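# Notes for the structure review
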Amino acid sequence: MTAAAPILPPLREVIARHGLSASKALGQNFLFDEQLLDRIAAIPGKLKGAQVLEVGPGPGGLTRALLRAGAQVTAIEMDRRCLPALAELAEAFPGQLRVIEGDATRVPHGIEGPFHVVANLPYNVGTPLFVGWLSGEGWPPQWASLTLMFQLEVAQRIVAEAGSDAYGRLAVLAQWRAAAKLAMKVHRSAFTPPPKVMSAVVHVTPAAMPDGVSARMLERLTEAAFGQRRKMLRQSLKGLPGALAALERLGIDPQRRAETLSVAEFVSVARELSA
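These lines cover the structure that appears in this document, whether it is placed above or below. (Residues numbered from 1 in each chain as written. Predicted model: local features only at pLDDT ≥ 70, side-chain atom pairs only at ≥ 80, totals over all residues. Heavy atoms only, no water.)

### Examining the pattern of salt bridges
As a working rule, side chains carrying opposite charge can pair if their charged atoms are close by. For the structure on display, the rule yields 11 salt bridges. Note that R106 is salt-bridged to D103, the shortest N-O span being 3.9 Å. Across the pair E265 and R256 runs a salt bridge, and its minimum N-O distance is 3.0 Å. Through salt bridges with shared partners, a single ionic network connects E34, D38, R64 and R68. (Salt bridge = Lys/Arg side-chain N within 4 Å of Asp/Glu carboxyl O.)

### A few points about empty space enclosed by the protein
Considering all chains together, one arrives at one cavity of 30 Å³ or more under this definition. When its volume is computed, the largest cavity comes out at roughly 30 Å³. I40, L62, A119, N120, T147, L148, M149 and V201 are the residues that line the largest cavity. Of all elements in the fold, only β5 (115–120) and β6 (143–151) reach the threshold of two or more residues within the lining of the largest cavity. It is β6 that provides the largest number of residues to the lining of the largest cavity, a total of three residues. Tallied by class, the residues present in the lining of the largest cavity amount to six nonpolar, two polar and no charged. (1 Å grid on protein atoms, 1.4 Å probe; cavity = no way out; pocket = protein on both sides within 12 Å on 5 of 7 lines; lining within 4 Å. Points joined across faces, edges and corners; volume = space filled by probe spheres on them. Helix = DSSP H or I, 4+ residues; strand = E, 2+ residues; numbered from the N terminus. Nonpolar A, V, L, I, M, F, W, Y, C, P; charged D, E, K, R; others polar.)

Dropping the structure here:
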């Protein structure tokens, strides 16, 4: 028989007791709605016994939901004001929560084997962390899925299709060897304090990596192409050795702009340049 989850005090009470407030400098916005948090924790699927990495747990709202789902959570938090509240959670769920103090862009998480990343990412580090998880030659990655809260505008850029206003480098990096979908939108009123914009949760799972393509070359290609996105490819790619010749071999019109190229076309060009 499975042990019942411990009864926890309301999150607002925990925050008041520890004198916590969301730090603008750290990009924090707290979520209190337990049902909403449980829905976010359910997006990766069954987490009982699974390893989960959470970045920026704050006072532990989403952490509670992950622990209730049975996950083994490693949480990285740089705001030491939040550590006592997280320590209380670790006591309530013995052996399920490990807290690492530090900057998630620099501190190793030390998780072995596949793990899920589930996080209400601090707005100021969300995109760099996401790009980092998508980068690198090694594939499939260590992570089994990414379930991440972003500003709605960033989420739309991740799942955008070629030709749309939101389509850019982030979409290509997210989609060339992974599947990305917008899992749910979250209204600004759900947060304390309410951010100025809507948010959304993106769910990403690894897919097969196309043969003969260097991840670093694709990163360089998209950086050049979208760095001057309003210019034609013949202009934006002229500084990347071999790129214009690769377009010619593939029959891609150099007068097109980067946002008109599909993810598959970017992969084809990167493959030519990786050879």
